[in-house]
Amino acid sequence: MMKLNTIQIAGILGGLAVAIGAFGAHGLEAILDSNARTETFETAVKYHFYHALAILVVGIWQRSEPTVKRLNTVVWMFFIGILIFSGSLYVLSLTGISWLGAITPLGGVAFILGWGILAFTAKNKLH
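The model shown is predicted, which means the values in this text are computed figures rather than measured ones. (Residues numbered from 1 in each chain as written. Predicted model: local features only at pLDDT ≥ 70, side-chain atom pairs only at ≥ 80, totals over all residues. Heavy atoms only, no water.)

## Some details on the confidence of the model for the protein chain
The predicted model of the protein chain averages 91 in pLDDT, with 96% of residues at 70 or higher. Highest mean pLDDT in the protein chain belongs to helix α3 (residues 70-95) (96); lowest belongs to helix α1 (residues 6-27) (91). (pLDDT = per-residue confidence, 0-100. Helix = DSSP H or I, 4+ residues; strand = E, 2+ residues; numbered from the N terminus.)

In structure tokens form, the structure reads like this:
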């Protein structure tokens, strides 16, 4: 099996964010029948795309300094955040299954941890 590098993962996740966002805007009007469901879907797409871009930036840093292993943890936190935060909001907005809102914050915690680890790594590596 081919191993993907961080920049490839960012490209895939970014492309998915654009495709999912476009599909939501143009193909899901009937399903996203209320403003609340549309806003929820748009929030999922935004956070998905922001963190795909963040993974791209981390991937560039990894290329220039491959020995900074903590960056792998940052990528994983952002990836898990996309899966749980954006994923639960996608499903919630498409199905109306409200209990999914209870797991969404776990994805938010993964995002926060990723950003915190990134800040810690930058402080210790860049000084």
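After that view of the structure, there is still more to cover.
## Comments concerning α3
Spacing of three or four residues puts side chains on the same side of an α-helix, whose turn is 3.6 residues. In this model α3 runs 37 Å from its N-terminal to its C-terminal C-alpha over 26 residues, within 8% of the 38 Å that 1.5 Å per residue would give. When the local axis directions of α3 are compared, the greatest deviation, roughly 25°, occurs at Gly 87. (Expected span 1.5 Å × (residues − 1). Bend = angle between axes of the 7 residues up to and from the residue.)

## Comments concerning the nonpolar core
Soluble globular proteins tend to pack their nonpolar side chains together in the buried interior. Phe 41, Ile 55, Val 58, Leu 71, Phe 78 and Leu 118 are the most contacted members of the largest nonpolar core, which totals 25 residues. For this core, the elements supplying multiple residues, two or more each, are α1, α2 (35-64), α3 and α4 (104-125). In terms of residues, this core owes the most to one element, α3, which gives nine residues. (Core = buried A, V, L, I, M, F, W, Y, C linked by side-chain atoms within 4.5 Å. Buried < 20%, exposed > 50% of the residue type's maximum accessible area, 1.4 Å probe, protein only.)

## Examining the packing of aromatic side chains
Enumeration over the complete set of coordinates arrives at seven aromatic pairs. Both rings, one in Tyr 47 and one in Phe 111, keep their centres 6.1 Å apart while their planes meet at 25°; by these two values the pair is stacked. One end of the pair, Tyr 47, is in helix α2; the other, Phe 111, is in helix α4, and 64 residues separate them in sequence. Taking 4.9 Å as the distance between ring centres and 50° as the angle between the ring planes, the aromatic pair formed by Phe 78 and Trp 115 counts as tilted. In this pair, Phe 78 is assigned in helix α3 and Trp 115 in helix α4, connecting sequence segments 37 residues apart. An aromatic cluster of three or more residues is present, and its members are Tyr 47, Tyr 50, Phe 85 and Phe 111. (Phe/Tyr/Trp six-rings, centres within 6.5 Å; stacked < 30°, edge-to-face > 60°.)

## Observations regarding the layout of surface pockets
One number sums up the size of the largest pocket: a volume of about 530 Å³. Around the largest pocket sit 18 residues that line it, and Leu 4, Asn 5, Thr 6, Gln 62 and Asn 72 are the ones nearest its centre. Examining the composition of the lining of the largest pocket, we find that five residues originate from one element, α1, more than from any other. Across the lining of the largest pocket, the residue classes tally to 10 nonpolar, five polar and three charged. (1 Å grid on protein atoms, 1.4 Å probe; cavity = no way out; pocket = protein on both sides within 12 Å on 5 of 7 lines; lining within 4 Å. Points joined across faces, edges and corners; volume = space filled by probe spheres on them. Nonpolar A, V, L, I, M, F, W, Y, C, P; charged D, E, K, R; others polar.)

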